[in-house]
2 protein chains.
Amino acid sequence: MTSSLPTATEVDPAALTELLDGRWAKIRREIREQVADTKFREPYGLDVETHRAQVLDQLRELAATGRPRLGFPREYGGGEDIGGSITSFEMLAFGDLSLMVKAGVQWGLFGGAVQLLGTRRHHEEYLRRIMELDLLGCFAMTETGHGSDVQNLRTTATYDAGTREFVVHTPDESARKDYIGNAARDGRLAVVFAQLVTGGESRGVHALLVPIRDDEGRPVPGVRIEDCGPKAGLNGVDNGRLYFDHVRVPRTALLNRYGDVAEDGTYGSPIESDNRRFFTMLGTLVRGRISVAGSAGSAAKRALTIATRYAERRRQFFRPDTGEEIAVLDYLAHQRKLLPAIARTYALHFAQEELVASLHEIQSASGEVDERRQRELESRAAGLKALSTWHTTRTIQTAREACGGAGYLAENILPSLKADTDVFTTFEGDNTVLLQLVARGLLTQYRDDFSDMSPLATLRFLAEQFVDSVIERTSARKVVDRILEAGPGRDDDSVLFDRAWQCRVFEDREEHVLSGVARRLRRATAENAFDLFNDAQDHVLLAGRVHVERLVLEAFVAAIDRCADPAAKRLLERLCDLYVLSEIEADRAWFAEHGRLTSTRSKAVAAAVNQLCQELRPHARTLVDAFAVPEQFLEAPMLR
Amino acid sequence: MTSSLPTATEVDPAALTELLDGRWAKIRREIREQVADTKFREPYGLDVETHRAQVLDQLRELAATGRPRLGFPREYGGGEDIGGSITSFEMLAFGDLSLMVKAGVQWGLFGGAVQLLGTRRHHEEYLRRIMELDLLGCFAMTETGHGSDVQNLRTTATYDAGTREFVVHTPDESARKDYIGNAARDGRLAVVFAQLVTGGESRGVHALLVPIRDDEGRPVPGVRIEDCGPKAGLNGVDNGRLYFDHVRVPRTALLNRYGDVAEDGTYGSPIESDNRRFFTMLGTLVRGRISVAGSAGSAAKRALTIATRYAERRRQFFRPDTGEEIAVLDYLAHQRKLLPAIARTYALHFAQEELVASLHEIQSASGEVDERRQRELESRAAGLKALSTWHTTRTIQTAREACGGAGYLAENILPSLKADTDVFTTFEGDNTVLLQLVARGLLTQYRDDFSDMSPLATLRFLAEQFVDSVIERTSARKVVDRILEAGPGRDDDSVLFDRAWQCRVFEDREEHVLSGVARRLRRATAENAFDLFNDAQDHVLLAGRVHVERLVLEAFVAAIDRCADPAAKRLLERLCDLYVLSEIEADRAWFAEHGRLTSTRSKAVAAAVNQLCQELRPHARTLVDAFAVPEQFLEAPMLR
């Protein structure tokens, strides 16, 4: 049993906020202060055109703060603070998510591609203009016919040695670029991903800079632009479709860091394998997924703050003993809707912070990037993006329902949160595909001949030995190891609250699921590959999920270890229990089926979740206030 | 093992449609034909004012068809076909849900209240005008401060014997009428629920007719009207807020079927108990919940038809053996998203049809209504509304994700389906409250002194003996009894596909959960009542859910029994297996904890679900086409 809970007044939300703010606390505080001085314009009720115009105005205000420079090199006026850059996207996501997404398109995707796939000539020409919003751009990767399977997209960029130009072309309707942010209205230049062809030979997907509009905003000759029209949400972002009809761009338009074409048409690349080059290029874009995971977290925090405050003031039905009307948060069913979601939001927050720190270390390091670390980062980014965005979708849905009819009114914010974040589960990588990527990464143990993104590719590696230990040496892991050494004392139901037991349970589940998948897939041959993989697909997805879940728990445990405030620390210990036990409860069928939980203990888990919900109920307000969502983003009339 | 599956071409969707169309097939076919002749105007991209105007126009077109008359008495020009009336709402829900909801407000809630709570003088004055849309009205029950706990709403209607008038008054902000359909723009007259006070004594909640606008559409003196503004969805419905400042209406404005005030202020009622009168009045409004459940089903059918058609044509990644690009519906993970949802949609459809038939029988019967049957109907309506609307919310979310970015575009329909239906889980009764109502009904076995809606009220009855058998003698039940008599032959894993075993599993779960809840709650005293109930709340909700789930299974079984087409019948047998086994899979932790499933069989259930998904995959298109959603409601550009 962990130490007892503090009383509700004993915990200062500020102590929790300090821990949550973490390494980039300074940036978070600055943004909160600055936001408090700005008039925030809630976008609800705006028509699409007005909303788009408002978001563009806000984008200009944002550019003026200088924060969008954080992710770029000092040499061009950037801040060279990758972690700070991601953190500032995350903070932006407390407000209108259209602004976050449009900023992400401009500086993360478009600017990031120019920076990371381009070379000096592109940097010198474009980076300052991109940072200053003198040049708005698009990231034109996805096509109507190919989204997850980017390696097989069909736009072509054919080199013409006679004119020293690339001819960019959309061969058919399914190859049009689709859902492209900044395309319908504001973008001038696009990073276009296309199959590069030179000397009659295809060299795989590469990126080129293609102008799409002139200075007056008219589409340039050969480029056709369509508006994707109204969407479920994010209507402040101008998503559009691009068609290229033999559009010619100079040879130097190729973003040539990982592959280049000489004037005579000779292709050259520092990476020999087409596959590996493709995935190296994609890997540089990991920031986008990490930003989405962080933004999803912000949206969940905002929704939970609103729903918890409402649940404290909303009263319904009278207590027969006292005759008082009951706050809905006093009902167990309502606590079960909100408190495990709060616990999980904390857990994911700490995992996100670790992920951002890893990204920062890897992308700030000079010299060659350790490929294994890079792949590990990509895998964790994929996994955390999937878990975070699904959590956010579920949580906002629950928050809406928990606020009844009031939660359905636009003025009470939850509708736009739900609608805006809904696409997070499928953009920047479809979650189902991403979890398979995680599992594949674990199975292949970051082999050198890292191959294409197809889920089937997993199978190619399965003749290889599966390495039993999948535990990386993260910093969080050291804390867990120390706890594991102490070990659980007894084996009665109080073991449920023993952190060492909890960690072992998550670890054991992961190892069991993964080795099971490895055994199943090892039987693959070229003929049975698809069916074998497909039959095991739910098993593969489970492997990805339980791996990430273990990392999330370790991050939570390590964060508690860092907490300097004793009362806050005791509260977090209980919150972590709730996170762990509600996760075990949700998956308790697996634990029972695999002899990990007796039926008695399985029931004890559900009882423990109920107990924790009731114990933590007096702390609910403290826990959400500690998220420190700026108050101006919480001005729902139902909370007045 | 049930009989083998037919081949994909062997099943005619029309044979399934015939079964699905059921007792009110004629009305369904008429509406399909009529809809095919009408130009349907997709509302996406419309501003709120234009959308509201469009929906009002469509409401007038609908009135001209005469279908809204179906639910009203012949004496006033109605069709006196309650089942047909509900069915026509259900069909309406294939199109713009704003129209369905506005029609529901006008003819279901407003017209229904006048019909069922009023007497001849109200019928003669209003029913024709309501049917013809000469008079638009509101159903003003919910207040800002009281939604679920309607018995404690705070608007007052105080009788003034001097002028023979009622004075309707909103005492404070929390007592304003909120979310009221037709209030913000179109309504002229409102059925206002208020605490009736006469001779200084409160007589509980009653309904009165209060004019809110004059013929020019201006609010009448004393009535303040506000617009609720933009909502997550259903923006074609003009929801508003009503405040009454000592508004006087004549004594005859009281809808006086269940309670009346004589000129001198004497109160009289055919029902002595205030509580019982209140619930009798509420009970007449059961049609609304049943219509919502049916409409939710239609929205789920539309979403599944769209997502399944997309999943058949959308291809992603290549098969290594054949080199062909794989349809996403060939992936197990994708099948698992859609096929169990299709199976459950069938199951709920058949349960809905039985519910509509019961309603029709009960409300069409002449003479006194059997109170026990009426309570049973209310309980089933509450339970099915909860399960159906949650199913729809989950299913549309899944369908959206299954269509990726395309599913996020308004033109592809899913966004409005999601946004419009989202409120279904909390309006016409919050689902969490409704499931408690179901459990309470089972525990109290429809006692005569049926009391208020408070979940706590359950406790008052627990000194009473819990009746073991909760199985009602429904018509579906006879089919199940026959199957149970045959009984399962073996006890290996093939038993999973044995219908008798499946029915027993659902029945046994229900009886075990219910008797457990009864035991827990029987310990209640006046002092511990709230805490005892609250600690058991998740158990109570489970009891409600598993009860309804058993009724749903029985309805599915009975429907298969009615199926005349042998190939369609064999397909439905497998679909029913998928419904049952995916339900057991979702709840398999409970079955394991209570010694109902060994770990081996529990794993076999998951394997069986996978197998059924793959077997049913070739039939997916047939299964959704059989829903016979009119093609004009499926015109998503991504399906072109």
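Just so you know, these numbers come straight off a predicted model, no measurement behind them.

S.K.: So what exactly am I meant to see when it comes to the overall build of chain A here?
M.R.: From N to C terminus, chain A includes 20 helices and 13 strands. Taken over C-alpha atoms, the radius of gyration comes to 25 Å for chain A, in line with the 26 Å a tight globule of 640 residues would show. By sequence separation, contacts in chain A at least 24 residues apart represent 75% of the contacts at least 6 residues apart. Of the accessible surface of chain A, which amounts to about 22,100 Å², a share of 49% is contributed by carbon and sulfur atoms.

S.K.: When you look at helix α14 (residues 499-521) of chain A in this model, what are you seeing that I'm missing?
M.R.: Residue pairs three or four apart in sequence face the same way in an α-helix, which turns once every 3.6 residues. Taking 1.5 Å per residue as the helical rise, α14 of chain A with its 23 residues ought to reach 33 Å, and the 33 Å between its terminal C-alpha atoms agrees with that figure. The residue sitting at the N-terminus of α14 of chain A and contributing the capping side-chain oxygen is Asp-498 of chain A; that oxygen lies 2.8 Å from the backbone nitrogen of Ala-500 of chain A.

S.K.: Just to check I follow, could you spell out the relation of the copies chain B and chain A for this structure?
M.R.: Superposing the two chain copies requires a rotation about an axis and a translation along that axis. Take chain B, turn it by 180 degrees, move it 0.0 Å along the axis, and it overlays chain A with an RMSD of 0.0 Å. Viewed as a symmetry operation, the transformation between the two copies matches a two-fold axis. Looking at the rotation axis and the C-alpha trace of chain B, the residue lying nearest is Ala-589 of chain B, at 2.1 Å. A symmetric contact is evident, with 100% of the interface residues of chain B recurring at the interface of chain A.

S.K.: Where do I start with the sheet that holds strand β8 (residues 240-244) of chain B in this structure?
M.R.: Each strand in a sheet pairs with its neighbour through backbone hydrogen bonds, running either in the same direction (parallel) or in the opposite one (antiparallel). All names here are of chain B. Here three strands make up an open sheet; going across it, the order is β4-β8-β7 and the pairing antiparallel. Both outer strands of the open sheet, β4 (177-180) and β7 (223-227), are each paired with one neighbouring strand and no more. In this sheet, neighbouring strand axes are inclined to one another by 20 degrees on average, regardless of whether the strands run parallel or antiparallel. In this sheet, β8 lies alongside β4 in antiparallel orientation, the contact comprising two bridges. Following the sheet pairing, Ile-180 is matched in β8 by Gly-240.

S.K.: Can you walk me through the pattern of salt bridges in this structure?
M.R.: Should their charged atoms come close, side chains of opposite charge can pair. Summed over the entire model, instances satisfying the criterion amount to 125 salt bridges over all chains. Note that Glu-554 of chain A and Arg-550 of chain A form a salt bridge whose closest N and O atoms lie 3.2 Å from each other. Residue Glu-554 of chain A and its partner Arg-550 of chain A are located together in helix α16 (residues 537-562), separated by four residues, close to a single helical turn. Two residues, Glu-353 of chain B and Arg-562 of chain B, come together in a salt bridge whose shortest N-O distance is 3.6 Å. Here Glu-353 of chain B, found in helix α9 (residues 332-364), pairs with Arg-562 of chain B, found in helix α16 (residues 537-562); they are 209 residues apart in sequence, far enough to count as distant. Taking relative accessible area as the criterion, Arg-562 of chain B reaches 45% and is therefore assigned partly exposed.

S.K.: I'm lost on the side chain of Asn-412 of chain B in this one. Help?
M.R.: All names here are of chain B. Among the secondary structure elements, Asn-412 is positioned in the loop between α10 (371-402) and α11 (414-421). A polar contact of 3.0 Å, which involves the side chain of Asn-412, links it to the backbone nitrogen of Met-638. The contact partners of Asn-412, leaving out residues within four places of it in the chain, are Ile-306, Ala-406, Ala-636, Pro-637 and Met-638.

S.K.: Looking at this structure, I do not really get the domain arrangement of chain A. What am I missing?
M.R.: Size of an interface: often given as the accessible area lost when the parts come together. Residues and elements named next belong to chain A. Taken as a whole, chain A is organised into domain 1 (13-136), domain 2 (139-273) and domain 3 (287-639). Each partner contributes to the interface: domain 1 provides 26 residues, whereas domain 2 provides 29 residues. Of the roughly 2,400 Å² buried between domain 1 and domain 2, counting both surfaces, carbon and sulfur atoms make up 60%. The three residues of domain 1 that bury the most area against domain 2 are Arg-52, Leu-117 and Arg-121, which together make up 28% of that side's buried surface. Taking the shortest distance from any N to any O, the salt bridge between Lys-102 and Asp-186 comes out at 2.6 Å. Our count for the domain 1 to domain 2 interface comes out at 16 residue pairs in polar contact (both at pLDDT 80 or more). Listed by contribution, the elements that provide at least two residues to the side of domain 1 that touches domain 2 are α3 (48-65), α5 (97-117) and α6 (120-131).

S.K.: What am I meant to see in the sheet that holds strand β8 (residues 240-244) of chain A here?
M.R.: Residues and elements named next belong to chain A. If you walk across this open sheet you meet the three strands as β4-β8-β7, and the pairing is antiparallel. Looking at strand neighbours, the two that pair on one side only are β4 (177-180) and β7 (223-227), the edges of this open sheet. Across the sheet, the mean angle from the axis of one strand to that of its neighbour is 20 degrees, orientation sign disregarded.

S.K.: Looking at this model, I keep getting lost on the UniProt feature "domain: Acyl-CoA oxidase C-alpha1" (unreviewed entry) in chain A. Mind explaining?
M.R.: According to UniProt, the "domain: Acyl-CoA oxidase C-alpha1" (unreviewed entry) feature falls on residues 283-443 of chain A. Along residues 283-443 of chain A, the helical share is 71% and the strand share 4%, with 19 Å between the first and last C-alpha atoms.

S.K.: What am I meant to see in the packing of aromatic side chains here?
M.R.: Geometry of an aromatic ring pair is reported as the spacing of the ring centres plus the angle between the planes. Evaluation of the coordinates by the stated rule reveals 22 aromatic pairs over all chains. With a centroid separation of 5.3 Å and 10 degrees between ring planes, the pair formed by Phe-424 of chain B and Phe-427 of chain B is classed as stacked. Overall, Phe-424 of chain B belongs to the buried group, its relative accessible area being 1%. Residue Phe-427 of chain B is classed as partly exposed on the basis of its relative accessible area of 23%. Taken together, the aromatic side chains of Tyr-346, Phe-350, Phe-506, Phe-556, Tyr-579 and Phe-627 of chain A make up a single cluster linked through ring pairs. For Arg-509 of chain A, the ring lying beneath its charged end belongs to Phe-506 of chain A, and the centroid distance is 4.9 Å. In this arrangement the basic side chain of Arg-224 of chain B is found over the ring face of Tyr-243 of chain B, its NZ or CZ atom lying 3.8 Å from the centre.

S.K.: Is there a simple way to think about the UniProt feature "domain: Acyl-CoA oxidase C-terminal" (unreviewed entry) in chain A in this case?
M.R.: The positions that UniProt labels "domain: Acyl-CoA oxidase C-terminal" (unreviewed entry) are, in the present scheme, residues 512-637 of chain A. What you have in residues 512-637 of chain A is 75% helix and 0% strand, and the ends, taken at the C-alpha atoms, are 50 Å apart.

S.K.: It is not clear to me how the environment of Glu-90 of chain A should be interpreted in this structure. Could you clarify?
M.R.: Residue and element names in this part refer to chain A. For Glu-90, the position within the fold is in helix α4 (residues 82-92). The exposure class assigned to Glu-90 is buried, which follows from its relative accessible area of 5%. Sequence-wise, Glu-90 and Val-557 are 467 residues apart; in three dimensions their C-alpha atoms are separated by 22 Å.

S.K.: Would you mind going over the packing of α14 of chain A against helix α17 (residues 566-586) of chain A with me for this structure?
M.R.: Relative orientation and spacing of two packed helices are given, respectively, by the angle between their axes and the distance between those axes. Residues and elements named next belong to chain A. Interhelical geometry of α14 versus α17 gives an angle of 35 degrees and a closest axis separation of 11 Å. Judged by the sense of rotation from one axis to the other, the crossing of α14 with α17 is left-handed. Here α14 contributes Arg-499, Trp-501, Gln-502, Val-505, Phe-506 and Arg-509 to the contact with α17, which in turn contributes Glu-573, Cys-576, Asp-577, Tyr-579, Val-580, Glu-583 and Ile-584. A breakdown of the residues in the contact of α14 with α17 according to their chemical character gives seven nonpolar, one polar and five charged.

S.K.: Would you mind showing me how to read unusual backbone geometry here?
M.R.: The phi angle of most residues is negative, glycine excepted, and most peptide bonds adopt the trans form. Residues other than glycine seldom take positive phi values, yet Ile-413 of chain A does so here, at roughly 75 degrees. For Ile-413 of chain A, a relative accessible area of 2% puts it in the buried group. Phi is positive for Ala-628 of chain B, close to 55 degrees, though the residue is something other than glycine. Examined against the element boundaries, Ala-628 of chain B turns out to sit in the segment after α20 (620-625). Look at Ala-628 of chain B and you get buried, because its relative accessible area is 16%.

S.K.: What am I meant to see in the pairing of β8 of chain B here?
M.R.: Regular strands have side chains that alternate between both faces of the sheet. Residues and elements named next belong to chain B. The buried fraction of β8 amounts to five of the five residues, a majority that puts the element mostly inside the structure. Side chains of β8 alternate between two faces, with Gly-240, Leu-242 and Phe-244 and Arg-241 and Tyr-243 buried alike. Relative to β8, β7 is paired through five bridges, and the arrangement is antiparallel. Looking at β8, one finds that Ile-225 is bridged to Leu-242.

S.K.: I tried to follow helix α2 (residues 25-37) of chain B on my own but got confused; where do I start?
M.R.: All names here are of chain B. Spanning 13 residues, α2 covers 19 Å between terminal C-alpha atoms, matching the ideal 18 Å at 1.5 Å per step. Those residues of α2 that sit buried are Ala-25, Ile-27, Arg-28, Ile-31, Arg-32 and Val-35. All buried residues of α2 project into a common sector of 160 degrees when viewed along the axis, lining one side. Those residues of α2 that are exposed and aimed more than 90 degrees away from the buried face are Lys-26, Glu-33 and Asp-37.

Calculation rules
Starting afresh in each chain, residues are numbered from 1 along the sequence in its written order. Chains carry letters from A onward and ligands carry numbers from 1 onward, assigned in written order. Since the coordinates come from a predicted model, pLDDT governs what is reported: local features require at least 70, and pairs of side-chain atoms require 80 or more to be given and counted, while whole-chain, interface and lining totals use all residues. Think of the side-chain values as coming from all heavy atoms in the structure, minus any hydrogens and water. Put simply, DSSP marks the helices as runs of H or I at least four residues long and the strands as runs of E at least two long, and each gets a number from the N terminus on. Between the two quantities, the radius of gyration covers C-alpha atoms and the globule rule is 2.2 Å times the number of residues to the power 0.38. Note on definitions: a residue-residue contact is assigned when non-hydrogen atoms from the two residues lie within 4.5 Å. Here the open area of atoms and residues is found with the Shrake-Rupley method and a 1.4 Å probe, where only the protein chains shown may cover a residue. The span one expects for a helix is its residue count, reduced by one, times 1.5 Å. Any pair of nitrogen or oxygen atoms within 3.5 Å is treated as a polar contact; in protein, a donor-acceptor pairing is required on top of that, and neighbouring residues in sequence qualify only through side-chain atoms on both sides. Residues reaching a pLDDT of at least 70 in both copies supply the C-alpha atoms on which the copies are superposed by least squares. DSSP-based pairing: two strands are paired if at least 2 bridges between them are found. Axis definition: a line fitted to C-alpha atoms, limited for helices to the stretch in contact. Angles are taken between N-to-C directions and run from 0 to 180 degrees. Salt bridge, as applied in this entry: a Lys or Arg side-chain nitrogen positioned within 4 Å of an Asp or Glu carboxyl oxygen. Here's how the labels work: a residue is buried when its accessible area is under 20% of the maximum for its type, exposed when over 50%, partly exposed in between, all with a 1.4 Å probe on protein chains only. Note that the domain bounds were set by an automatic or database domain assignment. When two parts are put together, the accessible area they lose, computed with a 1.4 Å probe and summed over both, is reported as buried area. UniProt positions are given in the numbering used here, feature names are shortened, and annotations may be inferred rather than shown by experiment. Centre distance within 6.5 Å is the pairing criterion for rings of Phe, Tyr and Trp, where only the six-membered ring of Trp is used; planes under 30 degrees apart are then read as stacked, over 60 as edge-to-face, and the remainder as tilted. Whether a charge sits over a ring depends on NZ of Lys or CZ of Arg being within 6 Å of the ring centre and within 35 degrees of the ring normal. Should the near helix be turned anticlockwise from the far one by less than a right angle, the crossing is left-handed, and should it be turned clockwise, the crossing is right-handed. Amino acid classes used here: Ala, Val, Leu, Ile, Met, Phe, Trp, Tyr, Cys and Pro are nonpolar; Asp, Glu, Lys and Arg are charged; the rest, including Gly, are polar. When we speak of the arc, we mean the arc of directions from the helix axis to the C-beta atoms.

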